[in-house]
Amino acid sequence: RLAELLHLPEADLAGLLKRLAPAAGRTPPGGPTPSSAEPPPQGADNRKSDVVGTDAPHRISRFQHAERELIGSLLHQPRLFHHTLSDGRTVAEAVVPAQMVTDAGRRLYQSVYTRLSEGTELTLSGLLSDLAEHGETALAELATLAEAEVEQHSQSNEERVKAKLAAAAELILRYHRDQQHQKTKAALAEQVMHAVSSDGADHAQAEQLQRQFGEYLKAHSSPDRIARVSGGQ
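Residues numbered from 1 in each chain as written. Predicted model: local features only at pLDDT ≥ 70, side-chain atom pairs only at ≥ 80, totals over all residues. Heavy atoms only, no water.

A. Inspection of the overall build of the protein chain at higher detail. The number of helices and strands found in the protein chain is 9 helices and 0 strands. Going from N to C terminus, the protein chain has its helices and strands arranged as α-α-α-α-α-α-α-α-α. Relative to its full complement of 233 residues, the protein chain shows a buried share of 39%. Partitioning the contacts of the protein chain with sequence separation of at least 6, the portion at a separation of at least 24 is 71%. (Helix = DSSP H or I, 4+ residues; strand = E, 2+ residues; numbered from the N terminus. Buried < 20%, exposed > 50% of the residue type's maximum accessible area, 1.4 Å probe, protein only. Contact = heavy atoms within 4.5 Å.)

B. The arrangement of the nonpolar core in detail. Membership of the largest hydrophobic core comes to 38 residues, with the highest contact counts inside it found for Leu70, Leu74, Phe81, Val95, Leu108, Tyr109 and Val112. Of all the secondary structure elements, the ones that give two or more residues to this core are helix H3 (57–76), helix H4 (91–94), helix H5 (103–117), helix H6 (124–133), helix H7 (137–154) and helix H8 (158–197). With 8 residues, the single largest contributor to this core is H8. Setting aside residues no more than four positions away along its own chain, Leu74 makes contact with Leu80, Phe81, Tyr109, Val112, Leu116, Leu122 and Leu165. (Core = buried A, V, L, I, M, F, W, Y, C linked by side-chain atoms within 4.5 Å.)

C. Main features of the side chain of Gln77. Of note, Gln77 is situated in the loop between H3 and H4. Of the residues examined, Gln77 reaches a relative accessible area of 6% and is grouped as buried. Ignoring any residue separated from it by four or fewer positions in sequence, one finds Gln77 in contact with Asn157, Glu158 and Val161.

D. Spatial organisation of the pattern of salt bridges. What the rule picks out here adds up to 9 salt bridges. Between Arg68 and Glu149 there is a salt bridge whose closest N-O contact spans 2.9 Å. Residue Arg68 is located in helix H3, and its partner Glu149 is located in helix H7; the two are separated by 81 residues in the primary sequence. Here the two residues Arg68 and Glu149 agree in accessibility, since each one is buried. (Salt bridge = Lys/Arg side-chain N within 4 Å of Asp/Glu carboxyl O.)

E. Spotlight on H7. Here H7 contains 18 residues, and its C-alpha end-to-end distance of 26 Å stays within 8% of the 26 Å for a straight helix at 1.5 Å per residue. Listed in full, the buried residues belonging to H7 are Ala138, Leu139, Ala140, Leu142, Ala143, Ala146, Glu147, Glu149, Val150 and Ser154. (Expected span 1.5 Å × (residues − 1).)

F. Up close: the environment of Gly72. By secondary structure assignment, the location of Gly72 is in helix H3. Given the relative accessible area of 0%, Gly72 is considered buried. When the C-alpha positions of Gly72 and Val161 are compared, they lie 9.0 Å apart, and in sequence the two are 89 residues distant. Contacts of Gly72, omitting those with residues within four sequence positions, involve Ala146, Glu147 and Val150.

As structure tokens, then:
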């Protein structure tokens, strides 16, 4: 009955209820959450263990690749930091370090972003020197790999680099739009569930919340889905 009211498949509703279940006083299965886990040692290899969030590994690998393409493109052609994306914003305006999907990507992009924002010259050798000085061996390896991958696939062709940069930025932005959509949907569903299941429920309020939830789902029936982008994968 509740699944019908929320216009959700029973399997989706069950998953939602599981995510919304109180977790106070107990450790989640599999250990602490990313926010509570101890940070990896400085310079450690974070490429597989630093994922921000709980997305499936095959999806995360695509975002890691997008991060490398974004960073590698900027290392290859720093002026593309001011390249205008399809939404009218520049890369500098649209993609900030906090939007990176992995901790390693965020920390490396923070270094790149800070230099470019301050107008400081960005070169791979200069970045590697700074990272080595701070013992960030893993980030140095990531920067080298990112630049090498872009060089290999673009062959120093500026238009190819620009296309890679734009595609990577769009994928990262789509990921965050999708995440926000899921959070909003879960919050609205929680309000409806509380309204229809609480003692002495206000039926008028419950119906209003159900309508709002239905209108939201209708308006977002085709949100940007990660599965539809990046080479049709």
